[in-house]
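Chains, contacts and geometry: an overview
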Amino acid sequence: MNFYPEFEVERNDSRCIRCRVCERQCANEVHWFDADGKVMLSDESKCVNCQRCVTLCPTRALKIVKSDCRLRENANYSDQTIKEIYRQAETGGVLLSSMGNPNPLPVYWDKILINASQVTNPPIDPLREPMETRVFLGKKPKHIRRNADGTLDTKLAPQLTLSMPVMFSAMSYGSISYNAHASLARAATALGIYYNTGEGGLHEDFYQYGKNTIVQVASGRFGVHKDYLEAGAAIEIKMGQGAKPGIGGHLPGTKAVGDVSKTRMIPEGSDAISPAPHHDIYSIEDLRQLVYSLKEATEYRLPVIVKVAAVHNIAAIASGIARSGADIIAIDGFRGGTGAAPTRIRDNVGIPIELALAAVDKRLRDEGIRNNVSIVCGGSIRSAADVVKAIALGADACYIATAACLAMGCHLCRSCHTGKCNWGIATQRPDLVKRLNPDIGSERLINLMNAWRHEIKELMGGMGINSIEALRGNRLMLRGVGLTGKELEILGISHAGE
Amino acid sequence: MKLDVSKMGFSEVNEQMRQTPDSEITLTGCIGQRFLAAGTGGKYVKISGIAGNALGAYLNGSVIETFGNAQDAVGDTMNEGEIIVHGNIGDAAGYAMRGGKIFVQGNAGYRAGIHMKAYQEKVPVMVIGGRTGSFLGEYQAGGIIIVLGQHTDGKPIVSNFPCTGMHGGKLFLRSDCEGIHFPHQVHHRAASPEELAEIRQYVREYCAHFGGDPDEILNAQFTLVTPDSGNPYKQMYVAN
Ligand code: SF4
Ligand code: SF4
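Residues numbered from 1 in each chain as written. Chains lettered and ligands numbered in written order. Predicted model: local features only at pLDDT ≥ 70, side-chain atom pairs only at ≥ 80, totals over all residues. Heavy atoms only, no water.

The subject of this paragraph is the nonpolar core. Core analysis: the largest hydrophobic core is formed by 124 residues, its most contacted members being Phe168, Ile425 and Trp452 of chain A. Leu27, Val85, Ile89 and Ala112 of chain B belong to the second largest nonpolar core, which has 45 residues in total. (Core = buried A, V, L, I, M, F, W, Y, C linked by side-chain atoms within 4.5 Å. Buried < 20%, exposed > 50% of the residue type's maximum accessible area, 1.4 Å probe, protein only.)

In structure tokens:
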């Protein structure tokens, strides 16, 4: 069924100089030049509102606006709901979307406020005094151990050292471009943090960034071999992803081309299917087996991360993972991004990261096993304030991906699954990939992280805290606004004014 | 190196194997230690007793020969090398293996060859002498699985739901496969003599390990199963 396009292209003809930049820049082929009438025309039905043409139009002649031609208003059947039904009635297909859940579900970060010192316990000025933002991820010893001669046993389980409590989370080469990976790898190296290969293997050019790389092992085991496992600083077992808990991944054959197929080690053009489960994991005991097989294969030199989606019983799941031998648990909330996920799953499955994180931290403390693992949380960490709140709720560090994409130029048009990202990120088309210059991409990522680091220090200083370690799990620094008693109970925080 | 492992845990056994400069290693008294020789290359490991789960996981070129049964996840994600089992094996053998060969004298459990894949010159091969459990070749994306059906318990050569989600590679079953139900996205038919020629070499190797006459084994009906598309999910989605 044909419906009126969601967006309209507004071209101010008195400003348009017919330079045809928009035509060249739009991979969706919205714009073209009509030589007879000497005008630029457009087919807005193909527009995804990625703002590429708007940004590059030299005379600012273009605007993309939301169409006001709507179906008859209905609070129950929204335009979106109706159009989804039309699409499915036409094709019989499962709806596929990308990026994180855009629906107006609660964002608890925005209902949590941070403390500051007044009069007593004075604030600290980060420009004047040293502030520690470094964190170590991995198992921490429960007790001090001594050697036979009385000296301290300083042998620790393998750790990741982060200059600040933020890492770039998994995005596979295939779902994003070579230049996007290059930007992330270089930025992580310069910043002293880590980026994550995702489940698509590691391109041979990026082995040089191994010290700042986390390599992922997912159910499809693409590109997984001994050298790959040893190339990184940690291995992440992907059990789940916040945007699509309970289902696997699927890189369409059209994207498994050239170096992507080589890096995944699958033939060109064949679908890369990551089944929903790991077919050897049906229990925590089985998970333990995968954790230890990876540790054996890499001689216990690398910490193993187990990444799970935030789902209903997350606290019990995390408790199991903490006993599986894993060094780090990564929890991904339901607003986390994706290169492609079935719409229904993205929008309806999983729980908010804030609640999941608080529940997991509490459970592990209650059981006395919090030191068995570090906790990394992700799934829409949008700012330094979110990071500080997450740490105060119990995280050791945060994973960011959507924010990192935004830094590289993403405009959140949520069309990654088309493979025609006009910003050179979620695409393998060479003409589009080269729009993202890794020199600039990495610099912008470094800027973003440096800015966040300053903000984290300022927020910590305001609380009179000079080290991330002293903030972790420090829920007294948080207050809720407009939350129910139950929500406050789960978050483990008091209401503002209490 | 000769090692009696009957009183050792898996990490100690593996550590000793890593430390020794010897390329030939004999383990005796194996009592189910897991992950034996995981990730190793360039060794020949001979095992007597029963090897535990994940024998030769991520194997990178070593040859493992075990005289006894092996458990689950034999050759998990192996890349290169060979695993020879003089006995039966458990579930999920060769999960996601990309290269090398697994030879099993007897039967295999569930999900043998699950998500096996191939890439360029890397074509993994699994030869099972007897029968296999359900879900053989599930999600198979590449490589060759050969089941010789020399079991004597009268059960079918493969249990339920073989080849679910298969989208690459080949499966040879030494049987007419009558009564075996295959999913609609795969083709199954009698293998031609030319097609059988492709596996002659592997059957020969099997016989070299365990005895038997390759010609005799090959002189039987084989069913060849292949997927009809490398893109089984293409039509399933609509952009939203
Ligand atoms: S898809 Fe992007 S580049 Fe194309 S017209 Fe729309 S906003 Fe402009
Ligand atoms: S990565 Fe590209 S396609 Fe995906 S949301 Fe961002 S701009 Fe759009």
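Here the narrative resumes, following the displayed structure.
On inspection of all chains with the given rule, the structure shows 10 aromatic pairs over all chains. Between Phe3 of chain A and Tyr86 of chain A, the ring centres sit 6.0 Å apart and the planes meet at 25 degrees, which makes this aromatic pair stacked. Within this pair, whereas Phe3 of chain A is found in the segment before strand S1 (7-11), its partner Tyr86 of chain A is found in helix H3 (residues 79-91), the two being separated by 83 residues in sequence. Judged by relative accessible area, which is 27%, Phe3 of chain A ranks as partly exposed. Overall, Tyr86 of chain A belongs to the partly exposed group, its relative accessible area being 26%. Taken together, the aromatic side chains of Tyr173, Tyr178, Phe206 and Tyr209 of chain A make up a single cluster linked through ring pairs. When the ring centre of Tyr95 of chain B is taken as origin, the NZ or CZ atom of Arg221 of chain A, which lies over that ring, is 4.2 Å away. The ring of Phe222 of chain A carries the charged tip of Arg264 of chain A above its face, separated from the ring centre by 5.9 Å. (Phe/Tyr/Trp six-rings, centres within 6.5 Å; stacked < 30°, edge-to-face > 60°. Helix = DSSP H or I, 4+ residues; strand = E, 2+ residues; numbered from the N terminus. Lys NZ or Arg CZ within 6 Å of the ring centre and 35° of its normal.)

As summarised here, the arrangement of the three strands in space is S17(A)-S5(A)-S12(B), forming an open sheet in which the pairing is mixed. Both edges of this open sheet fall to strand S17 (341-342) of chain A together with strand S12 (237-239) of chain B, since each of them pairs with a single strand only. Here strand S5 (residues 94-97) of chain A pairs with S17 of chain A via two bridges, running antiparallel. Across the sheet, residue Leu96 of chain A finds its bridge partner in S17 of chain A, namely Pro342 of chain A. (Pairing = 2+ DSSP bridges.)

Attention now moves to the pairing of strand S3 (residues 44-50) of chain B. The side chains of a regular strand alternate between both faces of the sheet. Residue and element names in this part refer to chain B. Relative to S3, strand S2 (residues 24-31) is paired through six bridges, and the arrangement is parallel. Looking at S3, one finds that Glu24 is bridged to Tyr44. Relative to strand S4 (residues 60-67), S3 runs parallel, the two being bridged by five bridges. Each bridged residue has a counterpart across the sheet, and for Val45 the counterpart in S4 is Ile64.

The full set close to ligand 1 counts 13 residues, and Cys26, Cys47, Cys50, Gln51 and Cys53 of chain A are the nearest of them. Partitioning the shell around ligand 1 into residue classes produces seven nonpolar, five polar and one charged. (Near = heavy atom within 4 Å. Nonpolar A, V, L, I, M, F, W, Y, C, P; charged D, E, K, R; others polar.)

Take the site of ligand 2 next. As a matter of local geometry, ligand 2 sits amid Met99, Cys410, His411, Leu412, Cys413, Arg414, Ser415, Cys416, Cys421, Trp423 and Ala426 of chain A. When the residues that make up the shell around ligand 2 are grouped by side-chain class, the tally is eight nonpolar, two polar and one charged.

What follows covers the environment of Gly441 of chain A. All names here are of chain A. For Gly441, the location among the structural elements is in helix H14 (residues 438-463). Between the alpha carbons of Gly441 and Leu287 there is a distance of 37 Å; along the sequence they are 154 residues apart. Among all residues touching Gly441, those that are not within four sequence positions of it are Ser183, Met408 and Leu436. (Contact = heavy atoms within 4.5 Å.)

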